[in-house]
Amino acid sequence: MTAPVRIAMWSGPRNISTAMMRAWENRPDTVVSDEPLYAHYLIATNAPHPGRDEVIASQENDWRKVVEGLCDPVPDGVPIWYQKHMTQHVTRDMALGWLSNLTNAFLIRDPDEVVASFARTREHPQVWELGFDMQARIFDYVSDFMGRAPPVIDGSDVLKNPAGMLRLLCIRLGVPFSERMLSWPAGPRKSDGVWAKYWYDAVQRSTGFEPYRQRDVQLSADLQRLADACRPHYEKLYAYRCVL
């Protein structure tokens, strides 16, 4: 690693994105940012999320100012800045040129599992809330300016072999692997967004990645159609995923 690295990890909802943020934050050489575009997303879409007004009040909501800050020097004098991003927070009106200042990576999950999990918190989810199409769009944009595919990891692969997959991810990102990424103290973090009390109960109880378990997903016809609409975007990135 020859220079400070700003890692932008692009995930959709109901993945292991917060556990991944914990893994990176547990490194002594890394500072993290938690969903910096969330307030922009809530204002732009009027999505009825819990704590909506509190989230909006807690963050800058002009996306131009947010992304300018995300390209600033790495804070706190450390060499790695890990930015946890939700792909659905990038709205269609946003330019993407700022991504060239970041080291981009992608965290994916099977859409049947995403839809089943998301539907437990939102009765009638919409395809745009799941972020698969925007994740593919961002992936294409990054691939174009890099001239090659950026790193893609599947959440299930990480849960099956955290040490192997995180080591491989670090190699792809050009940073040293740290064993400290494999476990962390339970509890909240100052870096958690104000929305943590609504979404982070399981992660705040955790001390590492949960063991992988095969899920028997049963979807209604409407939810299956939603998952099927997302699947081409998932499979596109899945073809590029890091494998051991």
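Summary of the structure given here. (Residues numbered from 1 in each chain as written. Predicted model: local features only at pLDDT ≥ 70, side-chain atom pairs only at ≥ 80, totals over all residues. Heavy atoms only, no water.)

Further remarks concern helix α9 (residues 162-173). For α9, with twelve residues, the first-to-last C-alpha span of 16 Å sits near the 16 Å given by 1.5 Å per residue. By the burial criterion, the buried members of α9 are Gly 164, Met 165, Leu 166, Leu 168, Leu 169, Cys 170 and Leu 173. For α9, the elements touching its buried residues are β1 (5-11), α1 (17-25), β4 (103-108), β5 (152-154) and α8 (155-160). Of the residues one or two after α9, Gly 174 is the one with positive phi, at around 75 degrees. (Helix = DSSP H or I, 4+ residues; strand = E, 2+ residues; numbered from the N terminus. Expected span 1.5 Å × (residues − 1). Buried < 20%, exposed > 50% of the residue type's maximum accessible area, 1.4 Å probe, protein only. Contact = heavy atoms within 4.5 Å.)

Glancing now at the packing of helix α7 (residues 132-146) against helix α12 (residues 221-238). One can describe the packing of α7 onto α12 by two numbers: an axis separation of 8 Å at closest approach and a directional angle of 35 degrees. For the pair α7 and α12, the sense of crossing is left-handed. For the pair α7 and α12, contact is made by Phe 132, Asp 133, Gln 135, Ala 136, Phe 139 and Asp 140 and by Cys 230, His 233, Tyr 234, Lys 236 and Leu 237, respectively. Grouping the amino acids of the contact of α7 with α12 by side-chain chemistry returns six nonpolar, two polar and three charged. (Axes fitted to C-alpha atoms, helices over the stretch in contact; angles between N-to-C directions. Left-handed = near helix turned anticlockwise from the far one by under 90°. Nonpolar A, V, L, I, M, F, W, Y, C, P; charged D, E, K, R; others polar.)

Right, let's get into empty space enclosed by the protein. The full count for this structure, using the stated rule, is one cavity of 30 Å³ or more. Each pocket or cavity is described by its volume, and for the largest cavity that value is around 60 Å³. Lining of the largest cavity is provided by Gly 12, Pro 13, Asn 15, Leu 107, Ile 108, Arg 109, Val 114, Leu 130, Phe 132 and Gln 135. Looking at the lining of the largest cavity, the elements with two or more residues in it are β4 and α7. Of the residues contributing to the lining of the largest cavity, the split by class is six nonpolar, three polar and one charged. (1 Å grid on protein atoms, 1.4 Å probe; cavity = no way out; pocket = protein on both sides within 12 Å on 5 of 7 lines; lining within 4 Å. Points joined across faces, edges and corners; volume = space filled by probe spheres on them.)

On to the pairing of β1. β1 sits mainly inside the fold: six of its seven residues count as buried. Of the strand pairs in this sheet, β1 and strand β3 (residues 80-86) are connected by seven bridges, and their pairing is parallel. When the bridges of β3 are listed, Ile 7 appears paired with Tyr 82. Bridge count for β1 against β4 is five bridges, and the pairing is parallel. Paired with Ile 7 across the bridge in β4 is Thr 103. (Pairing = 2+ DSSP bridges.)

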